[in-house]
Amino acid sequence: MPRLAQTVRVVGCGATKLGNRLGRSAGSLMAEAVQGALSSARLELDDLDGLIAVPSMSDPHLMEAHYLATKIGLLPKKNFLVRTIDTGGAGPVTALLEGRRMIEAENCQAVVIAAGDAVSSLSTEEFLRRADAGIGCDRLPSPAIPNGYGLITDWHAKTYGVTREQLAKVPCLMSHQASKHPHAITRRRYTVEEVLESPQITPQLNLLECARRMDGAGAIIVASSRFLEKRGLLNKGNHGNGDVVILSGGEASGPLSPPVVIDETMFSCEQAAQSAYYEAQVRPDEIDFFGLYDCFPICFLRAIEAVGICPKGQGGRWIDEQYERILADENYVLPVNTHGGLLSFGAPWEAPAIFAVIEAVRQLNGVAGAQQVAEDCRRALVYGNGGIFSSSAVAILSKPI
Ligand code: MLC
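Notes on the structure in this doc start here. (Residues numbered from 1 in each chain as written. Predicted model: local features only at pLDDT ≥ 70, side-chain atom pairs only at ≥ 80, totals over all residues. Heavy atoms only, no water.)

### Things to note about the environment of Ala306
Move 1: With respect to the secondary-structure elements, Ala306 resides in helix H10 (residues 297–306).
Move 2: In this structure Ala306 comes out as buried when scored by relative accessible area, which is 15%.
Move 3: Discounting chain neighbours no more than four positions away, the residues touching Ala306 are Cys269, Glu270 and Ala273. (Helix = DSSP H or I, 4+ residues; strand = E, 2+ residues; numbered from the N terminus. Buried < 20%, exposed > 50% of the residue type's maximum accessible area, 1.4 Å probe, protein only. Contact = heavy atoms within 4.5 Å.)

Shown next as C-alpha cells:
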C-alpha cells in the first residue's frame with residue numbers, strides 16, 4: 001500500500017445541473033463545474049498546477065484543455081501542465097489516472113479534471129452527422145453508435161443467451177436508481193413493457209435503452225496528500241469531498257468499430273479491471289459501490305461480468321434477480337450506479353463517467369442518504385468506456401488506509 005505522503009486524493013467535486021438544451025456552450029459549463037470543484041475543495045484557482053479536459057462534441061477546440069485553461073484564467077502560467085485526453089467515454093477515468101500520474105511522477109500538487117458537453121443542444125441531424133463521422137465505419141448505418149452496439153448485442157445473445165427482456169430491464173434498474181437521486185434527469189421508474197414499447201432505434205435497441213443525450217459538465221480535483229497536509233486540509237471532511245484515495249487503475253483498448261468477426265478479443269474492460277484489481281490487491285467482493293458505464297444495456301451487461309459482480313455469461317440472470325428485487329421493494333438500493341448511469345442520470349457525450357466518479361466520492365464519504373450502498377462504504381470501482389468498446393479505463397477509489 002502507498003505511504004500517506006504518496007497518496008493521491010480526490011479533494012473536490014463540482015457539477016452543473018444537467019438539462020435539455022441549456023443554451024450554454026460546453027466550455028462555459030466546464031468552467032462552472034471547475035469553480036464548483038474548487039469551492040468544494042476549499043482551494044483557489046492559483047493552487048492548481050495542472051488541468052486535464054475531455055473534448056466536447058458540440059463546441060470542439062484544437063486543444064480543449066488549453067482552451068478551457070485560457071478561458072478560466074489559468075493560462076498563461078509558469079509550471080502549469082495542461083492536457084487534453086481523448087479516450088471517448090473512458091476519458092474522465094483515464095483523466096483521473098493521468099491526474100494521479102501527474103502528481104506522482106511530474107511533481108504536480110493539485111490537478112483539476114473537467115468534462116462536459118451540450119449535445120442535447122445540437123439538432124438530431126447534426127448530432128448524428130458528427131457521431132456517425134466520429135466512428136467512420138461504412139458498414140454501420142446511421143445511427144452508427146447504437147447500430148454498432150446492436151451488432152454486439154446480437155453476438156452476445158447468440159454466444160451467452162442473454163434475452164431481449166433481460167436487456168430491457170437494464171433501463172428499469174437505472175431509472176429505479178435515478179428516481180431517488182436529487183440531480184438525475186430521469187424522475188420516474190420504467191417498466192420492462194414501457195422500454196419494449198418505446199420507439200425502435202435499431203433492431204436490437206429502443207429509445208429508452210440509449211444513453212440519454214444531455215447538456216452538462218462535471219469537474220474533480222485531485223491532489224497529493226502531502227499538499228493537503230501542508231494546507232491543513234487532510235482528513236478534514238472538506239464538505240464530504242476530501243477523504244478519498246485513488247487506490248489503483250487499469251486501462252486497455254479495442255477497435256474503434258466492431259470487427260467483421262466479433263469475438264472476445266475485441267473487449268477491453270476485463271483487462272482494465274484486472275489491472276486495477278491487481279494493483280489494489282483487492283477482490284470484487286471487497287468493492288462496495290460500482291459506477292459502471294451503461295450507454296446501452298449490452299455495455300452494462302458486459303461491465304457487471306467484467307468487474308466480477310457476477311460470473312461470465314450470468315449477467316442476464318443477475319439482471320433478472322435485481323429486477324425482481326426492485327419490484328418487490330421500491331427502497332432497494334443496487335450497489336451499482338446509484339445516480340442512474342448514462343441511461344437515466346444523463347449523458348453529455350464523453351463526460352458521463354465523471355458523474356460516476358462524483359457518485360463514488362459521495363458514497364465513500366457516506367453522504368448518499370437513502371441511497372447509501374453500505375453504512376461503511378470502503379471502496380468504489382468506476383469504469384468508463386469509449387467508442388464502441390474501444391477504450392476502457394477502470395479506477396478503484398477508497399477511504400484513506
Ligand atoms: C432519450 N430520451 C430518453 C432516453 N433517451 N428518456 C428516457 N431515458 C432515455 N434513455 C428522451 C429524450 O430526452 C427526448 O425527450 C426524447 O426521448 C427523444 O430523444 P432524442 O434523443 O431527442 O431523440 P432523437 O433526437 O430522435 O434521437 C434518438 C437517438 C439519439 C437514439 C438517435 O438519442 C441517440 O443517438 N442516442 C444515443 C446517444 C449516443 O450514442 N451516445 C454515445 C453512447 S457511446 P424530450 O422530452 O426532449 O422529447 C458512449 C461512448 C463514447 O457513450 O465514447 O461516447
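### Comments concerning the pattern of salt bridges
Move 1: Evaluated as defined, the whole model comprises 21 salt bridges.
Move 2: Of the charged contacts, one joins Glu106 and Arg83 as a salt bridge, the two residues approaching to 2.8 Å between their closest N and O atoms. Remark: Arg83 occurs in strand E3 (residues 81–84) and Glu106 occurs in the loop between helix H3 (91–105) and strand E4 (110–118); sequence separation between them is 23 residues.
Move 3: What makes Glu106 partly exposed here is its relative accessible area of 33%.
Move 4: One network of salt bridges, in which partners are shared, links Arg83, Glu98, Arg101, Glu106 and Glu251. (Salt bridge = Lys/Arg side-chain N within 4 Å of Asp/Glu carboxyl O.)

### With respect to the sheet that holds E4
Move 1: Across the sheet, which stays open at both edges, the nine strands sit in the order E3-E2-E4-E7-E1-E8-E11-E10-E9 with mixed pairing between neighbours. Two strands bound the open sheet, and with one partner strand each, they are E3 and strand E9 (289–291). Within this sheet the neighbouring strands show an average axis-to-axis angle of 25°, counted without direction.
Move 2: Where E4 and strand E7 (residues 215–224) come together, nine bridges link them in antiparallel fashion. Within E7, the position partnered with Ala115 by the bridge is Gly218.
Move 3: Of the strands in this sheet, strand E8 (244–253), E9, strand E10 (379–386) and strand E11 (391–398) touch helix H9 (residues 269–280), which is tilted by about 145° from E8. (Pairing = 2+ DSSP bridges. Axes fitted to C-alpha atoms, helices over the stretch in contact; angles between N-to-C directions.)

### Comments concerning the site of the ligand
Move 1: Lining the immediate environment of the ligand, one finds 25 residues, of which Gly89, Thr124, Cys210, Tyr293 and Gly387 sit closest.
Move 2: One nitrogen or oxygen atom from the main chain of Gly89 is found 2.7 Å from an oxygen atom belonging to the ligand.
Move 3: Here an oxygen atom of the ligand and a backbone polar atom of Gly387 are 2.8 Å apart.
Move 4: When the free accessible area of the ligand is taken as 1100 Å², the share hidden by the protein chains comes to 79%.
Move 5: Every element with two or more residues in the shell around the ligand is listed here: helix H4 (124–135), helix H12 (341–344) and E10.
Move 6: Here the shell around the ligand takes three residues from H4, the largest share from any one element. (Near = heavy atom within 4 Å. Polar contact = N/O pair within 3.5 Å; in protein donor to acceptor, adjacent residues only side chain to side chain. Areas by Shrake-Rupley, 256 points an atom, 1.4 Å probe, with all protein chains shown as cover.)

### A short note on the packing of aromatic side chains
Move 1: Evaluation of the coordinates by the stated rule reveals eight aromatic pairs.
Move 2: Residues Phe127 and Trp349 carry aromatic rings whose centres are separated by 5.7 Å and whose planes lie at 85° to one another, so their mutual orientation is edge-to-face. With Phe127 in helix H4 and Trp349 in the loop between H12 and helix H13 (353–364), the pair connects residues that are 222 residues apart, well separated along the chain.
Move 3: Judged by its relative accessible area of 13%, Phe127 is buried.
Move 4: A relative accessible area of 24% places Trp349 in the partly exposed class.
Move 5: Through a chain of ring-to-ring contacts, the aromatic side chains of Tyr149, Trp155, Tyr160, Phe267, Phe296 and Phe389 assemble into a single cluster.
Move 6: The positively charged end of Arg302 is found above the aromatic ring belonging to Phe267, 3.6 Å away from the centroid. (Phe/Tyr/Trp six-rings, centres within 6.5 Å; stacked < 30°, edge-to-face > 60°. Lys NZ or Arg CZ within 6 Å of the ring centre and 35° of its normal.)

### Examining H4
Three- or four-residue spacings in an α-helix give side chains the same orientation, since the helix completes a turn every 3.6 residues.
Move 1: An ideal rise of 1.5 Å per residue puts 16 Å on 12 residues; H4 measures up with 17 Å between its terminal C-alpha atoms.
Move 2: Here H4 has its buried residues at Phe127, Ala131, Asp132 and Ile135. Down the axis of H4, the buried set is contained in an arc of 120°. They therefore lie on one face. With respect to the buried face of H4, the exposed residues turned more than 90 degrees away are Glu125, Arg129 and Ala133. (Expected span 1.5 Å × (residues − 1). Arc of directions from axis to C-beta.)

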